[in-house]
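# Commentary on secondary and tertiary structure
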Amino acid sequence: MSTSLSAGKRMSSRRRRQALIGAAYILPSFALMFIFNISPIFLSIFYSFTKYDMTAAPVWVGFENYIKLSQNKYLGMVLSNTVRYVLITVPIQTTLALLIAAFIAGFLKNRYGSFLRSVIFIPVIASLIASATVWDVLYKPDGGLINQFLALLGVSQPINFLGKKPTALPSVAVVSIWKSTGYYMVIYYAGIMNEPAEVQEAAIVDGASSAQRFWYITLPILRPITYMIVTLGIIGSFQVFDLVYKMTGGGPGRATLTVAYMIYSYAFQDKRMGYACALAVGLLIVILLIHLIQTLFFKERDA
Amino acid sequence: MKQKITGGRIIGTVLVTLFAVLCVLPLLYMVAVSFTDSESLYIKLKDLRPNLSNYVYAITKRNFGLALKNSVITVVGSCLLVDVVSSMAAYGFEKKPVPGKETLFQGYIATMMIPGQVILIPMFMMMNRAHLSNTFAALILPMVGAFGIFLMRQFMVAVPNELLEAAEIDGCGEIRRFVTIVIPLVQPALITLTVFTFNAAWNNFLWPLIINTRSEMAVLPVTMSTLSSNSTTNYGMVMAGATLTFLFPFILYIFLQKQFVEGIALGGVKG
């Protein structure tokens, strides 16, 4: 009895020691995560209720920033830009990525296929600023490669892609599609490779064509990945910054203004920190809602 | 299974090949223009000759040498910090009986859903108040995130407890167990995380743009963004800058392709 008790005590003192050592391992991450990832969320919420220009102390203004935000005449424009951006980028990049991944997995499972996958992934590793710089030059009305090509096709008047309202947003979206298709292709490809081979083989035995197998087997199996890719695409569209900063500055006439760019310009150009924080908190709520909808949708489908 | 060569397969191959060409064409064009000294965009083949003058100009006259050095310091510092802090934390979370650790871990995971713009403004204020703007610390310290800890913890699961216990019985100390047993076992994950961090730190733009405003402390993408592309621009020099920015990740990609794809793919799925 007494020996087992002291053994128990020894165990718990060993356990306590281990817990302390464990805490020491976790501590550096906690300090950094708390300072740079967790506390700023709450500070953002706090500042969103203040007026603050970083010279004088923040002044509590209650919901004033949010009220002003609801009356902001550019906000509707930004939301419609974002919706248009989503409608251009998400269907195109998702479909392209899926078709390319499925085609390579089905018909080009050789060195050429893996070479093509490597090449299509290259734009993913280029920084957005370098990409924006290159595409900015490609889009130039005075001799940009795209206009040179269009001239060969007989288009007499060079198109000012980034300088005109109707073309500016789609032109930025094209760069985004160019940069992310390879990324989504890799995710789809991994998903297809994880597909159990027996199902495909059974379908072949039953005489299903490759189109039927794609439609009835591959596509349903990839559904979770598709949800994820669409969600990432939507969330990403609110946060487009680098491309817009380098290519259009939000113009012409705010045709390419995004939420992220708006936050940047309110905070760091106008020094309206409180107001910018209110917009950031709004963005946070929207993004959390999108995550929530995706999760609910998932559960419903699984059940 | 034997695939017959069908028309559909040929057309598909041609289309995918065409898409692959479209993927690299802008980058090939970037490299080509970086070697010409033409100030117009109507580049003729005869203008294309190995000519490093644009690079020399960008590096010596437009701050690219300094930006390159700053980027390298930031990336190396970020990778070291993220690797050390993440693997330590993952080990603590997975292998030590710390009370409340799962709650904390869930809290970490939740931060992955937070868009960067939300934490940007308070972080800017904190860094300024701590007089850390225009330092490498400002660029490196915020690179630690939940993704790295999450990734490392998934690999820590596979480290057998018996191995650690046996080493302890043999008198192998706590730190030595971590460094000589745990770290070698999770090395593949560390490489993936390093590549991910490299890419994130190298391409980071908005944060360096606002926090390090002095040009001596600018990193490559920020210096790149200051080269205006107005009508008087020397396109060759701009493209040389873009090529320099692209070159380092590209070299790494060629040598560590598998880890690169893994690091970036896993990093995006985090949400």
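Keep in mind that this is a model prediction, so the values were computed, not measured. (Residues numbered from 1 in each chain as written. Chains lettered and ligands numbered in written order. Predicted model: local features only at pLDDT ≥ 70, side-chain atom pairs only at ≥ 80, totals over all residues. Heavy atoms only, no water.)

Here we come to the overall build of chain A. Secondary structure assignment for chain A yields 13 helices and two strands. In terms of C-alpha radius of gyration, chain A reaches 26 Å, well past the compact-globule figure of 19 Å for 303 residues. Reported as C-alpha extents along the three principal axes, the dimensions of chain A are approximately 95 × 70 × 35 Å. Evaluated residue by residue, chain A yields a buried proportion of 50% over its 303 residues. (Helix = DSSP H or I, 4+ residues; strand = E, 2+ residues; numbered from the N terminus. Rg over C-alpha atoms; globule rule 2.2 N^0.38 Å. Buried < 20%, exposed > 50% of the residue type's maximum accessible area, 1.4 Å probe, protein only.)

Another aspect to go through is the interface of chain B and chain A. Counting residues at the interface gives 88 residues for chain B and 87 residues for chain A. Interface of chain B and chain A: buried area, both sides summed, is about 7800 Å²; carbon and sulfur atoms make up 77% of it. It is B:Phe19, B:Gln117 and B:Ile121 in chain B that bury the most area against chain A; as a group they hold 8% of the surface buried on that side. For A:Arg14, the salt bridge identified is with B:Glu168, shortest N-O distance 2.8 Å. Counting the contacts that link chain B with chain A gives 15 residue pairs in polar contact (both at pLDDT 80 or more). The element that contributes the greatest number of residues to the side of chain B that touches chain A is helix α1 (residues 7-34) of chain B, accounting for 15 residues. A class-by-class count of the residues in the side of chain B that touches chain A yields 64 nonpolar, 19 polar and five charged. (Contact = heavy atoms within 4.5 Å. Buried area = accessible area lost by both parts, 1.4 Å probe. Salt bridge = Lys/Arg side-chain N within 4 Å of Asp/Glu carboxyl O. Polar contact = N/O pair within 3.5 Å; in protein donor to acceptor, adjacent residues only side chain to side chain. Nonpolar A, V, L, I, M, F, W, Y, C, P; charged D, E, K, R; others polar.)

On to the side chain of B:Arg153. Among the secondary structure elements, B:Arg153 is positioned in helix α7 (residues 146-156). Setting aside anything within four residues of it in sequence, one finds B:Arg153 in contact with B:Ala90, B:Phe93, B:Glu94, B:Glu102 and B:Phe105.

Time to look at the side chain of A:Ser176. All names here are of chain A. Positionally, Ser-176 belongs in helix α7 (residues 165-193). At a separation of 3.4 Å, a polar atom in the side chain of Ser-176 contacts the side chain of Tyr-85. Dropping the residues within four chain positions of it, Ser-176 is found in contact with Tyr-85, Thr-89, Gln-93 and Leu-243.

A turn of α-helix holds 3.6 residues, and therefore any two residues three or four places apart point the same way. Residues and elements named next belong to chain B. All of the buried residues along helix α2 (residues 53-61) are Asn-54, Tyr-55 and Ala-58. Here the buried residues of α2 occupy an arc of 100° about the axis, which is enough to place them on one side. Among the exposed residues of α2, those pointing more than 90 degrees away from its buried face are Thr-60 and Lys-61. The inward-facing, buried residues of α2 abut α1, α3 (64-95) and α13 (235-255). After α2 finishes, the residue Asn-63 shows a positive phi value of roughly 70°. (Arc of directions from axis to C-beta.)

Residues and elements named next belong to chain A. Domain annotation of chain A identifies domain 1 (2-47) and domain 2 (65-302). On a C-alpha basis, the centres of domain 1 and domain 2 stand 40 Å from each other. Taken together, the four residues of domain 1 in the interface contact five residues of domain 2. For the pairing of domain 1 and domain 2, the buried interface totals around 330 Å² over both sides, and the portion due to carbon and sulfur atoms is 71%. Sorting the residues of domain 1 by area buried against domain 2 places Ser-44, Ile-45 and Tyr-47 first, and these three jointly supply 90% of that buried surface. Put simply, domain 1 and domain 2 have zero salt bridges between them. Where domain 1 meets domain 2, there are zero residue pairs in polar contact (both at pLDDT 80 or more). Here the residues of the side of domain 1 that touches domain 2 are counted per class, giving three nonpolar, one polar and no charged. (Domains from an automatic or database assignment.)

Time to look at empty space enclosed by the protein. Residues and elements named next belong to chain B. Throughout the structure, instances matching the rule amount to two cavities of 30 Å³ or more. The calculated volume of the second largest cavity comes to roughly 40 Å³. For the second largest cavity, the full set of lining residues is Thr-74, Leu-139, Met-143, Ala-201, Asn-204, Pro-208 and Val-219. Residues of the lining of the second largest cavity, tallied by class, amount to five nonpolar, two polar and no charged. (1 Å grid on protein atoms, 1.4 Å probe; cavity = no way out; pocket = protein on both sides within 12 Å on 5 of 7 lines; lining within 4 Å. Points joined across faces, edges and corners; volume = space filled by probe spheres on them.)

Residues and elements named next belong to chain B. It is the contact of α1 with α13, at a shortest axis distance of 7 Å, that shows an interaxial angle of 125°. Relative to α13, the element α1 lies oblique. Pair α1 / α13 crosses with left-handed handedness. Each of Leu-27, Met-30, Val-31, Val-33 and Ser-34 in α1 lies in contact with α13, whose residues at this interface are Tyr-235, Gly-236, Met-239, Ala-240, Ala-242, Thr-243 and Phe-246. (Axes fitted to C-alpha atoms, helices over the stretch in contact; angles between N-to-C directions. Parallel < 35°, antiparallel > 145°, perpendicular 65-115°, else oblique. Left-handed = near helix turned anticlockwise from the far one by under 90°.)

This part is about the environment of A:Ile35. Within the fold, A:Ile35 resides in helix α1 (residues 2-47). Not counting residues within four places of it along the chain, the set of residues in contact with A:Ile35 comprises A:Pro40 and B:Met126.

Turning our eyes to something else, we now look at the environment of B:Leu227. Inspection of the secondary structure assignment puts B:Leu227 in the loop between α12 (220-226) and α13. Spatially, the C-alpha atom of B:Leu227 lies 37 Å from that of B:Ala189, the residues being 38 residues apart in sequence. Contact partners of B:Leu227, with chain neighbours within four places excluded, come to A:Lys246, B:Arg62, B:Phe64, B:Met237 and B:Val238.

Another point: the packing of helix α10 (residues 187-203) of chain B against α13(B). Two numbers describe a pair of packed helices, the interaxial angle and the distance between the axes. Residues and elements named next belong to chain B. Where α10 meets α13, the axes come as close as 11 Å, and the angle between the chain directions of the two elements is 180°. Judged on the interaxial angle alone, α13 and α10 are roughly antiparallel. Here Phe-198, Asn-199 and Trp-202 of α10 lie close against α13, whose contacting residues are Leu-244, Thr-245, Phe-248, Pro-249 and Leu-252. Residue classes in the contact of α10 with α13 are distributed as six nonpolar, two polar and no charged.

Residue and element names in this part refer to chain B. Tallied over the entire structure, the rule returns nine salt bridges over all chains. Ionic pairing is found between Arg-153 and Glu-94, a salt bridge with its closest N-O pair at 2.8 Å. Within this pair, whereas Arg-153 is found in helix α7, its partner Glu-94 is found in helix α3, the two being separated by 59 residues in sequence. In this structure Arg-153 comes out as buried when scored by relative accessible area, which is 11%. Glu-94 gets classed as partly exposed once you look at its relative accessible area, which sits at 22%. Here Glu-216 and Arg-214 are joined by a salt bridge, their closest N and O atoms 3.1 Å apart. Within this structure, Glu-94, Glu-102 and Arg-153 form a network of salt bridges that share partners.

All names here are of chain A. Residue placement: Tyr-66 occurs in helix α2 (residues 64-71). Distance in space between the C-alpha atoms of Tyr-66 and Ile-204 is 59 Å, their sequence separation being 138 residues. With sequence-adjacent residues up to four places away left out, Tyr-66 is seen in contact with Ser-48, Phe-49, Ala-278 and Val-281.

All names here are of chain A. Quantified by volume, the largest pocket comes out at close to 760 Å³. Lining the largest pocket are 24 residues, and of these Ala-102, Ala-105, Gly-106, Gln-200 and Arg-213 lie nearest its centre. Looking at the lining of the largest pocket, the elements that each hand over two or more residues are α3 (73-107), α7, α8 (197-205) and α9 (210-221). The element contributing the most residues to the lining of the largest pocket is α3, with six residues. When the residues that make up the lining of the largest pocket are grouped by side-chain class, the tally is 14 nonpolar, five polar and five charged.

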